[in-house]
Amino acid sequence: MKDTTKGIILATLTPVLWGLMTIPIRTLGEYGISGQDLAFFRCIISGTGLFILNLFINRDILRVDLKGLVLCGLYGCFCYGISFTAYAMAVARIPVAVAMVLMFLCPVWVSLLNLIVFKEKMKPVNTVSILICLAGAVLVSNILSVKGERIDILGIICALINGLGAGLQLIIPRAFEKEYHKDTFIVYGFLISAVMLGLMTSFDVVGAALVSDTVKVAWNILFLSGICTLVANYVFVKAANYIDSTLVSIISALEVVVGSLVGFLLYKETLSTPQSIGAVIIVIGALLPNILPLIKKKQDLTDSI
């Protein structure tokens, strides 16, 4: 199999798994298992899996001092603990398509955080991208609605927090890249966040759910934590080894498509015309900074031939 083909397959698998996460989250929610409880299992299973994996392939990233552990803990608590909890709350309270699209505002957060943290001058295309995404967000969130009930505001806030958390996953390791490897943040971020979440996890509720329907509950926890989180994130990183990271980020837009299909086919959720238009606008705006360089690169290759 060619590297390009392998990279595309891996890059496609990731957003598909991310888009399917709504299913186990809502299924487990029926048993009274909260988003916070699910965040614990996602962190402990992913952190443990990555720790064991790196024991064999890269032990150096597991060596860290006290300052590093504190930074990893702060990183994990927000980027994983709070972000994962917000994700579960978002898809439980608002239509899946709306949640997915608002979470897809991550590139906007990254551009703003780069400006604030690293004082990087924002490129004109990024400024245009942000304005486009904000316009789309207004339509998707339905805040201009004057008839009927407006969409759940807490669900919208949770979706935005999840997108911010995804952005910080890129910004925080970059800020300390001269001192610590980004994989160190990931491994210990998961584990420390799991410890903190474990103090607040309702194990009695999870235990009761397992007793009442062992196979279904256990499978959904493993599917969410092991496959949709651990495997999906590992595959996402590996895809960039075979194809350009710009192409990987463009393919990741499939998460919105998959999530929307899940909401429509399984939960009979539909969007209004303005919301549908807003969803398309956000996806276009978020991908714009990545698509233009790719087009320019292809034009340069064509001109050179």
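Residues numbered from 1 in each chain as written. Predicted model: local features only at pLDDT ≥ 70, side-chain atom pairs only at ≥ 80, totals over all residues. Heavy atoms only, no water.

(A) Spatial organisation of the layout of surface pockets. The computed volume of the second largest pocket comes to approximately 230 Å³. Lining the second largest pocket are 16 residues, with A97, V256, S260, L271 and A279 sitting closest to its centre. When residues of the lining of the second largest pocket are traced back to their parent elements, those giving at least two are α5 (96-103), α13 (254-267) and α14 (273-304). Here the residues of the lining of the second largest pocket are counted per class, giving twelve nonpolar, three polar and one charged. (1 Å grid on protein atoms, 1.4 Å probe; cavity = no way out; pocket = protein on both sides within 12 Å on 5 of 7 lines; lining within 4 Å. Points joined across faces, edges and corners; volume = space filled by probe spheres on them. Helix = DSSP H or I, 4+ residues; strand = E, 2+ residues; numbered from the N terminus. Nonpolar A, V, L, I, M, F, W, Y, C, P; charged D, E, K, R; others polar.)

(B) View of the nonpolar core. Membership of the largest hydrophobic core comes to 73 residues, with the highest contact counts inside it found for I25 and L102. Of the residues forming this core, the biggest block, eleven residues, is contributed by helix α4 (residues 66-93). Discounting chain neighbours no more than four positions away, the residues touching I25 are L38, Y87, A88, V91 and L224. (Core = buried A, V, L, I, M, F, W, Y, C linked by side-chain atoms within 4.5 Å. Buried < 20%, exposed > 50% of the residue type's maximum accessible area, 1.4 Å probe, protein only. Contact = heavy atoms within 4.5 Å.)

(C) Examining unusual backbone geometry more closely. Positioned with a positive phi, K119 is a non-glycine residue whose angle comes to about 55°. Mapped onto the elements, K119 comes out in the loop between α6 (106-117) and α7 (124-140). Of note, K268 is a non-glycine position whose phi angle comes to about 55°, a positive value. Looking at where K268 falls in the secondary structure, it is placed in the loop between α13 and α14.

(D) Main features of helix α9 (residues 182-198). In this model, α9 (17 residues) spans 24 Å end to end at C-alpha, consistent with the 24 Å of a helix rising 1.5 Å per residue. The set of residues buried in α9 consists of T184, F185, V187, Y188, G189, F190, S193, A194, L197 and G198. (Expected span 1.5 Å × (residues − 1).)

(E) Quick peek at the packing of aromatic side chains. Enumeration according to the criterion identifies twelve aromatic pairs in this entry. Ring centres 5.1 Å apart and planes at 70° place the aromatic pair F40 and F41 in the edge-to-face group. In this pair, the class of F40 matches that of F41, namely buried. Judged by centre distance (5.3 Å) and plane angle (90°), the rings of F40 and F203 are edge-to-face. (Phe/Tyr/Trp six-rings, centres within 6.5 Å; stacked < 30°, edge-to-face > 60°.)

(F) Molecular detail of the state of the cysteines. Scanning the entire structure with this criterion turns up zero disulfides. Sulfur of C79: no disulfide; nearest cysteine sulfur belongs to C77 and is 9.8 Å away. (Disulfide = S-S within 2.5 Å.)

(G) Structural context of the packing of helix α1 (residues 3-20) against helix α11 (residues 214-239). It is at 8 Å that the axes of α1 and α11 come closest, and there the two elements cross at 150°. Considering their axes alone, α1 and α11 lie roughly antiparallel with respect to each other. When you trace α1 past α11, the crossing you get is left-handed. Packed against α1, whose contacting residues are G7, L10, A11, L13, T14, L17, W18 and L20, the element α11 presents F223, I227, C228, A232, N233, V235, F236, K238 and A239 at the interface. The class makeup of the residues in the contact of α1 with α11 is 13 nonpolar, three polar and one charged. (Axes fitted to C-alpha atoms, helices over the stretch in contact; angles between N-to-C directions. Parallel < 35°, antiparallel > 145°, perpendicular 65-115°, else oblique. Left-handed = near helix turned anticlockwise from the far one by under 90°.)

(H) Inspection of a nonpolar patch on the surface at higher detail. On the surface, a cluster of nonpolar side chains totalling about 590 Å² of accessible area is made up of I52, L53, L55, F56, I57 and Y234. The dominant element in the nonpolar patch, judged by the number of residues it contributes, is helix α3 (residues 35-57), at five residues. Residue classification places I52 among the partly exposed residues on the basis of a relative accessible area of 45%. (Patch = residues over 30% accessible without salt bridge, like charges linked within 9 Å, V, L, I, M, F, W, Y side chains within 5 Å. Areas by Shrake-Rupley, 256 points an atom, 1.4 Å probe, with all protein chains shown as cover. Salt bridge = Lys/Arg side-chain N within 4 Å of Asp/Glu carboxyl O.)

(I) Here's a closer look at the environment of V16. Tracing the sequence through the fold places V16 in helix α1. V16 gets classed as partly exposed once you look at its relative accessible area, which sits at 27%. Placed 49 residues apart in sequence, V16 and D65 show a C-alpha to C-alpha distance of 37 Å.

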